[in-house]
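Now for the letters of each chain:
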Amino acid sequence: MSTGPDDRAVFVIEPDGVPPLSALRWWTARVLPLLGADHLWAVHMVVTELATNAHEHGTGRVTVTASAEQVPCSALLEVHDDGGERPVAAEPGPGTAHGRGLVLVRGLSRAWGVRGTGVGKTVWARIDCGSGTIGPCPVRPEPIAMDPEPC
């Protein structure tokens, strides 16, 4: 972790091996401390998807930057890789194994897009506070496996 341009936090994923997604999610919670649980949940889902796509379909190092604004409250995630292929949000059928990630990004983000850079591309998403809200956490006597709620 380091500081990038404009004091944005930077997380780098090397091209070899398995991307450290749990470390990436921990990092976003640390560098975006003003976010509430529902907002952070949406940020975790989006950053995991964008970083995974960049690692699997891009080339070279994956660089993730994160920043937040208080008024209006939002988080900006930017994921860069050296590949030239632009991602496409598809509408996969029920039997399709892949292709739902950018649909999820689109649903949880106020806006998202791709911009070409000198080398490669940057996929970005802006998530408003309250975006991805999943309601109050229910009280449960024990955790439920594969619980979609961040509680």
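What counts, and at which threshold
Residues numbered from 1 in each chain as written. Predicted model: local features only at pLDDT ≥ 70, side-chain atom pairs only at ≥ 80, totals over all residues. Heavy atoms only, no water. pLDDT = per-residue confidence, 0-100. Helix = DSSP H or I, 4+ residues; strand = E, 2+ residues; numbered from the N terminus. Contact = heavy atoms within 4.5 Å. Salt bridge = Lys/Arg side-chain N within 4 Å of Asp/Glu carboxyl O. Buried < 20%, exposed > 50% of the residue type's maximum accessible area, 1.4 Å probe, protein only. Pairing = 2+ DSSP bridges.

Within an unreviewed UniProt entry, the label attached to the chain reads Anti-sigma regulatory factor (Ser/Thr protein kinase), and the organism entered is Amycolatopsis lexingtonensis.

1. Brief notes about the confidence of the model for the chain
Averaged over every residue, the pLDDT of the chain is 80; the share at 70 or more is 80%. Between the elements of the chain, mean pLDDT differs from a low of 47, seen in strand β1 (residues 2-3), to a high of 94, seen in strand β4 (residues 74-81). Within the model, pLDDT remains below 50 along residues 1-5, and this stretch shows 10 contacts once partners closer than five positions in the same chain are excluded. Throughout residues 131-151 the model reports pLDDT below 50, and contacts reaching past four residues in sequence, or to other chains, amount to 21 contacts.

2. Structural notes on the pattern of salt bridges
Applying the stated criterion across every chain yields a total of 5 salt bridges. The salt bridge partner of Glu14 is Arg61, with a shortest N-O separation of 2.7 Å. In this pair, Glu14 is assigned in the loop between β2 (9-13) and α1 (21-31) and Arg61 in the loop between α2 (37-57) and β3 (62-69), connecting sequence segments 47 residues apart. By relative accessible area, which is 40% here, Glu14 ends up partly exposed. Classification of Arg61 as partly exposed rests on a relative accessible area of 46%. Across the pair Arg115 and Glu78 runs a salt bridge whose closest N-O atoms are separated by 2.3 Å. Linking Arg115 in strand β5 (residues 111-116) with Glu78 in strand β4, this pair joins segments that are 37 residues apart in sequence. Owing to a relative accessible area of 7%, Glu78 belongs among the buried residues under this scheme.

3. Some details on the pairing of β4
Extensive coverage of β4 is indicated by the burial of 8 of its 8 residues. Residues Ser74, Leu76, Glu78 and His80 point to one face of β4 and Ala75, Leu77, Val79 and Asp81 to the other, with burial holding for every one of them. For β3 and β4, the ladder comprises 7 bridges, and the chain directions are antiparallel. Note that in β4 the partner of Ala66 across the bridge is Leu77. Counting the residues that bridge the hairpin from β3 to β4 gives 4 residues. In this structure, β4 lies alongside strand β6 (residues 121-128), joined through 8 bridges in antiparallel fashion. Pairing of Leu76 across the sheet is with Arg126, part of β6.

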